[in-house]
Structure formats: structure tokens, C-alpha cells
Amino acid sequence: MSDTTTDSVVLQTRDLTKRFGSLTAVDDVTWSVEAGKTKAIIGPNGAGKSTFFNVISGVFPPTSGEMMLNGEPITKKKEHEIARLGLVKTYQKSNIYGESTVFDNIRIAAQTNETTFNMWSKASDLTSVNQRTEDVLERLGLSEERDRTADELPHGLQRKIEIGIALATDPDIILFDEPIAGMSEDGRQEMLSVLQNLSNDPSLTIVITEHDFDLVMNLAEEITVLHQGSVLTEGTPDEISADKQVQRVYLGGE
Ligand code: ADP
Ligand code: MG
């Protein structure tokens, strides 16, 4: 395992623990990800992956331990504060305004990030919000759907809107919790190509959990294996697939 104190570390946890009553869902996790990397977190059901994401994104406060984002402590910060500092978690539909258009959904998110935006803001600020919205639509291949109402779109495209909402805030780091779960084969391929595209962007750090082992192997440069809330091991996709302990605990556990 590499040293976690280098300059390029974007997100870091130290002894992070989350308990729900007597259950320890995340147990003393010391972990980090470097800028621009795509890192996966895998492990059997109930390993604590979603809880880890919910804690690092500020959805739940940790029970103990620390977290740093871009060198700044975020341990006690709320989700919207952490989002402003550059870390966003994608949601499956829950952030979408169903009756608004695709364009408006993304624009509202882009606008939120514009710190100078207010009723009296200059036309140039609006131009930059619109420009960012256009960029995000283009990047996700949603330009043709821009004027359609979110509710009328198929599931796969709604997931893309969710990613668009995250991207519109111009984050440093995006978390994806099982982004292809429950999708049709076509939807999976579409989503995979979106993820591949984002993963190739050196200014974006991606952390992803996914049951689909092939997807993880194709996408991630590094993998952390969680087991019963603790880090079992970390390594490259090749190292992880060859790891006997991982095969026993993770692959055998599915
Ligand atoms: P994974 O995403 O790896 O499947 P989770 O993080 O969802 O695992 O769950 C880890 C453990 O924490 C499980 O035992 C789960 O039942 C429990 N858990 C998750 N969220 C909550 C919650 N909000 N309240 C109580 N227990 C929870
Ligand atoms: Mg989960």
C-alpha cells in the first residue's frame, strides 16, 4: 500500500468508524484516493460500502475518526458543505425535478455552484451557467433530450441526468454507488461508456462501488476490498483478482 500523505491525495479518511446502535457498519477505515484516479470499493452485501459513501459525503456523521478533502477537515461538515468543497455523490433519481426539462435540471445544479449568482447577477454569470449546462449535456450525450421533461425519459437517461446534476457543480471527486444496478443491458453499456469517459478525465477523481466485477476490473485503477466494515486489502485489479483471500471472502460470498 502506498503512502497516503502525498500532495496529490484528494480525499482521505483516518480510523473512520460508523456505528448504528451495536452494529459497526464502517470499522476503523484508513483510506485515501489520489487526484484523477478511479478507485473502486468492492465487498459482499452488507460490507459497509454504501455506509462508507454516506459518511464521506456527509449524509451521516461518522461515529469517530476523521476525513479530509483537499487537505481540509470535513469530519463535521454536512452534505451540502462537502459538495461545495468539491465532493458529490450521485443519486438514483432522487435529485431530479421530474416535471422540469433535462436542460433545467442540469442548469439548476450549475447555478447552485455559481457562488456569485443572485437575483442581480450579471448577464455574464448567466452565460457561464448556460455554457456549463451545455457542456454537461454534450458530455453525457443528452443534448437531443434537452427539452424533454425528466419524468418522460427512460430509466437509463434519468440516471444520466443524475450524473449531469453532479457534474454541473464542477466537482473534484464524484462517488457512484452501484451505478449500473438494475439497468437493462443497453443501459449498462451506455452507462459504462459514460463512466469510461469520466474516468479518462484527469481532473476528475472517481470512487465507485459495483457488484459487477467485470465493470470494476475495466474501470478502476485501484480497488479497496471491504469486509465487515474493515479494509481487507487494496491493490490493482490484477492483484485483487489474484488474491486468494479476496476470492474466498468476496467472490465466494456473493
Ligand atoms: P453495502 O453497501 O456494502 O451492501 P451497507 O453500508 O448498506 O453495505 O450496510 C452495512 C451494514 O450497515 C449492514 O449490516 C446494514 O444493514 C447496516 N445499515 C446500513 N444503513 C443503515 C441504517 N441507516 N441504519 C441501520 N443500519 C444500517
Ligand atoms: Mg450498498
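Bear in mind the structure is a predicted one, so any value in this text is a computation, not a measurement.

With that settled, the discussion passes to the site of ligand 1. In the neighbourhood of ligand 1, the contacting residues comprise Phe20, Leu23, Ala25, Pro44, Asn45, Gly46, Ala47, Gly48, Lys49, Ser50, Thr51 and Phe60. Within the backbone of Gly48, one N or O atom sits 3.0 Å away from an oxygen atom of ligand 1. Between Ser50 and ligand 1, the recorded distance is 2.9 Å, taken from a backbone N or O atom to an oxygen atom. Relative to its unbound accessible area of 560 Å², ligand 1 is 61% covered by the protein chains. If one sorts the elements of the shell around ligand 1 by residue count, helix 1 (residues 49-56) sits on top with 3 residues. Taken together, the residues of the shell around ligand 1 sort by class into 6 nonpolar, 5 polar and 1 charged.

Below, the discussion takes up the environment of Asp186. Relative to the helices and strands, Asp186 is located in helix 6 (residues 185-199). For the pair Asp186 and Gly156, spaced 30 residues apart in sequence, the C-alpha separation works out to 8.6 Å.

Here helix 5 (residues 155-168) crosses helix 6 at 15 degrees, and the two axes come no closer than 11 Å. The angle between helix 5 and helix 6 places the two elements in the roughly parallel class. By crossing handedness, the relation of helix 5 to helix 6 is classed as right-handed. Touching Arg159, Lys160, Ile163 and Leu167 of helix 5 are Glu190, Met191, Val194 and Leu198, all from helix 6. Considered class by class, the residues forming the contact of helix 5 with helix 6 number 5 nonpolar, no polar and 3 charged.

A word on the packing of aromatic side chains. One pass over the structure, following the stated rule, counts 2 aromatic pairs. Judged by centre distance (5.6 Å) and plane angle (85 degrees), the rings of Phe20 and Phe60 are edge-to-face. Taken together, the residues span a long stretch of sequence, with Phe20 in strand 1 (residues 9-20) and Phe60 in the loop between helix 1 and strand 4 (64-69) at a distance of 40 residues. On the basis of relative accessibility, which here comes to 36%, the residue Phe20 falls in the partly exposed class. Exposure remark for Phe60: the relative accessible area of 28% places this residue in the partly exposed category. Here the aromatic rings of Trp31 and Phe52 are separated by 5.2 Å at their centres, their planes lie at 80 degrees, and the arrangement is edge-to-face. In this pair, Trp31 sits in strand 2 (residues 23-34) while Phe52 sits in helix 1, placing the two residues 21 residues apart along the sequence.

Glancing now at the confidence of the model for the protein. Looking at the protein, the pLDDT average stands at 89 and 90% of residues meet or exceed 70. Low pLDDT (under 50) marks residues 1-5, which in the prediction has 5 contacts with non-local residues, meaning those over four places away or in another chain.

What follows is about the sheet that holds strand 4. Taken together, the 4 strands give an open sheet; going across it, the order is 2-1-4-5, and neighbouring strands pair in antiparallel fashion. A strand with exactly one partner marks an edge of an open sheet, and here the two such strands are strand 2 and strand 5 (72-73). Looking at chain direction, strand 1 and strand 4 are connected through 5 bridges and run antiparallel. Counterpart to Thr13 in the pairing with strand 4 is Met67. Relative to strand 1, helix 1 is tilted by about 115 degrees, and along the sheet it contacts strand 1, strand 2 and strand 4.

The rules behind these values
Residues numbered from 1 in each chain as written. Chains lettered and ligands numbered in written order. Predicted model: local features only at pLDDT ≥ 70, side-chain atom pairs only at ≥ 80, totals over all residues. Heavy atoms only, no water. Near = heavy atom within 4 Å. Polar contact = N/O pair within 3.5 Å; in protein donor to acceptor, adjacent residues only side chain to side chain. Areas by Shrake-Rupley, 256 points an atom, 1.4 Å probe, with all protein chains shown as cover. Helix = DSSP H or I, 4+ residues; strand = E, 2+ residues; numbered from the N terminus. Nonpolar A, V, L, I, M, F, W, Y, C, P; charged D, E, K, R; others polar. Axes fitted to C-alpha atoms, helices over the stretch in contact; angles between N-to-C directions. Parallel < 35°, antiparallel > 145°, perpendicular 65-115°, else oblique. Left-handed = near helix turned anticlockwise from the far one by under 90°. Contact = heavy atoms within 4.5 Å. Phe/Tyr/Trp six-rings, centres within 6.5 Å; stacked < 30°, edge-to-face > 60°. Buried < 20%, exposed > 50% of the residue type's maximum accessible area, 1.4 Å probe, protein only. pLDDT = per-residue confidence, 0-100. Pairing = 2+ DSSP bridges.

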